[in-house]
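Given next are the chains, with one letter for each unit.
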Amino acid sequence: MSATGPAAVLALVRQRNFGPYFAGNAFSASGTWFQNLAASLLVYRLTHSAFLLGVLNFCQFAPVIALAAWAGSAADRYDRRRLLFMTQTTASLLAATLAVLAWSGAARAWVVILFALGLGVTSAISIPAQQALIASLVDRESLPTAVALNSMTYNLARAVGPVLGAASVEYLGIPASFLLNSFSYLVFVGALLAITPRAQEMAERGTSRLRDALGLLRDDPRLLAFLIVVAAVGFASDPVNTLAPAFAHAFGRKDTVAGFIIGAFGAGAVTAALIVAGRVAGSRRRMAITLSLLGCGVIAFALSPWLPLGFVFLFVAGFGYLASNTSATTRLQLGVSEAQRGRMMALWGVAFLGLRPLASLADGAIASVAGVRTAGVILALPALAGAVLLVLVGKRQRGREHRLVEPSAAGLEPQGEDGHRLATGEGGRDVVADHRAAGGGEPGERGRS
C-alpha cells in the first residue's frame, strides 16, 4: 500500500528531482509573500486606501487572464524549465529594482502598483509551466502527492512568508523585504538548474491553442466543475490576502499584524496538505465539506470580536482552502494528457488567480463602502454556494448511479459518486488509485468515456 500523510511527503521530497524543485519553489513563494506584504504595507501607509489595496492586487493577478492563452500554449510547445528560468530571472531583476527605488524614496504608490503589474506578467507566464512541470519530475504513482505538495509549497509560504515578512518590514524595512524577494527568485533559478526533468512531450503548433483545452471542458463537464471549485476557493480566500492590513486595523492592531493574519490561514493549509498527501482526491461530499470549512471560517473570522479567536477560524478556513483546491487541481492534472497539461493549467491559473483581480477590486470597493468585515463575509459566499451545488449534484446523481456505474464483465470495480472506481482497501482513497486500477494510464491518454 502506498504511503500516505507525512510518510508520503518525506518519501517524495527525498527524490533527486522533486526535492530541489520543492525547496526552491517554497523559498521563492515565501519571498513572494515578503514582496506582497511589503508592497501592501507601503501602499497602505502612503494612502490609507483600502481601494488601492484592491488595485494593487488587481495588477498582480490581471495578467493571468490577459496572457492565459499564450502562456498555456507556450507551456505545451516550449521547454517548461527554460521558460521558468527566464521568468524567474526577470522577476528577480524587477524586485531588486523596486528595492532600490524604495530605498531612494522614489517608490510612490503608483510605482509600487506598476512593479506589481510587471511581476504579475512574469507570474502569468510561469504558472502553466510551473504547474505542468511537476508531472515530469515524478513517476505517475507519485503524481497526486506531488500535486498536494506543490499546493503545500504555496501554503507553507503563506504560513511562514507573511510572518517573516512582517518581521523583515519591522526590523529591516520595506526596501530590504523587496531585496529578499529578489534573492528568493534566484534560489529557485538554482533549483531549476539542479533538476533533470523527463523529456517533455511537445504539442504541435496547430493543436496548442487554448481553445482546444476549452473543448476538453465540453467533452468532460467534470473538468469544468473542478475549475469552478478552484475559482470559488480563490474568491473566498482573497479577503485574507488583500485586506490583511485593513483587518489588522479593524482589530485595533498595527498593520504588521497582517503577516500573522495571513500566516494563521496558511498554517491551516499546511496542516491540510500533510493530512491529504497520498489521498488527495475525495468525493463530492468531502469537497463540499472542505468548501464549507473555508467559507464558514472566513465569515467567522470577519465577524470575530477578538483576534486570537479569529486566528482559530482562519486556521479552519485555511484547512478547507487547501483540501478543496488540492482535490480539484489533482483531478484537473490527471484528466488530460501530458501534451495538454500546460493549457489545462493555464485554465487553472485563470480560475484560481486570473479571477482574483475581480475579487480584489470587490474586496476594496465593499470595504470602502461597508467596512472590511462586510467585505470578508460577502467574498466568502461563493465557497458556500459551491458546497451547496456539490451536494445538490451529488443527490441528483445518486438517484441514477445504479444505471451508470455497473461493474463491467471485464472486472471493473464499482464507481463512486464522482464517476471514478472505488479503490480497494480505502473506500475510494483517491482518483489516482482508481486510474491505476484500470490499467495505469492517465485518463487523457486513454480517452474519456
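Here's what I pulled together on the structure shown here. If you're wondering where the values come from, they're calculated on a predicted model, not measured in any experiment.

Calculation rules
Residues numbered from 1 in each chain as written. Predicted model: local features only at pLDDT ≥ 70, side-chain atom pairs only at ≥ 80, totals over all residues. Heavy atoms only, no water. Helix = DSSP H or I, 4+ residues; strand = E, 2+ residues; numbered from the N terminus. Buried < 20%, exposed > 50% of the residue type's maximum accessible area, 1.4 Å probe, protein only. Contact = heavy atoms within 4.5 Å. Expected span 1.5 Å × (residues − 1). Bend = angle between axes of the 7 residues up to and from the residue. Phe/Tyr/Trp six-rings, centres within 6.5 Å; stacked < 30°, edge-to-face > 60°. Lys NZ or Arg CZ within 6 Å of the ring centre and 35° of its normal.

**Focus: the side chain of Gln60**
Consideration 1: Considering the arrangement of structural elements, one finds Gln60 in helix α3 (residues 50–66).
Consideration 2: A residue is classified by how much of its surface remains accessible, and Gln60, at 12% relative accessible area, is buried.
Consideration 3: When neighbours within four sequence positions are excluded, Gln60 is seen to be in contact with Asn36, Ala116 and Gly120.

**Details of helix α6 (residues 109–133)**
Consideration 1: Over its 25 residues, α6 extends 35 Å from the first C-alpha to the last, a length consistent with the 36 Å expected when each residue adds 1.5 Å.
Consideration 2: At Ser126, α6 shows its strongest bend, of approximately 40°, with the proline Pro128 following within four residues.
Consideration 3: Within α6, 19 of the 25 residues are buried, leaving the element largely enclosed by the surrounding structure.

**Some words on the packing of aromatic side chains**
Consideration 1: Under the counting rule described, the total for this entry stands at seven aromatic pairs.
Consideration 2: Note on Phe251 and Phe301: the rings are 5.5 Å apart at their centroids and 35° apart in plane angle, and the pair reads as tilted. Of this pair, Phe251 sits in the loop between α11 (244–250) and α12 (258–276) while Phe301 sits in helix α13 (residues 284–303); the two residues are 50 residues apart in sequence, bridging distant segments of the chain.
Consideration 3: Using a relative accessible area of 12% as the deciding quantity, one classes Phe251 as buried.
Consideration 4: For the ring pair Phe265 and Tyr321, a centre distance of 5.3 Å and an interplane angle of 55° mean the geometry is tilted. Residue Phe265 is found in helix α12, and its partner Tyr321 is found in helix α14 (residues 307–334); the two are separated by 56 residues along the sequence.
Consideration 5: The side chain of Arg373 reaches across the aromatic face of Phe251, ending 4.4 Å from its centre.

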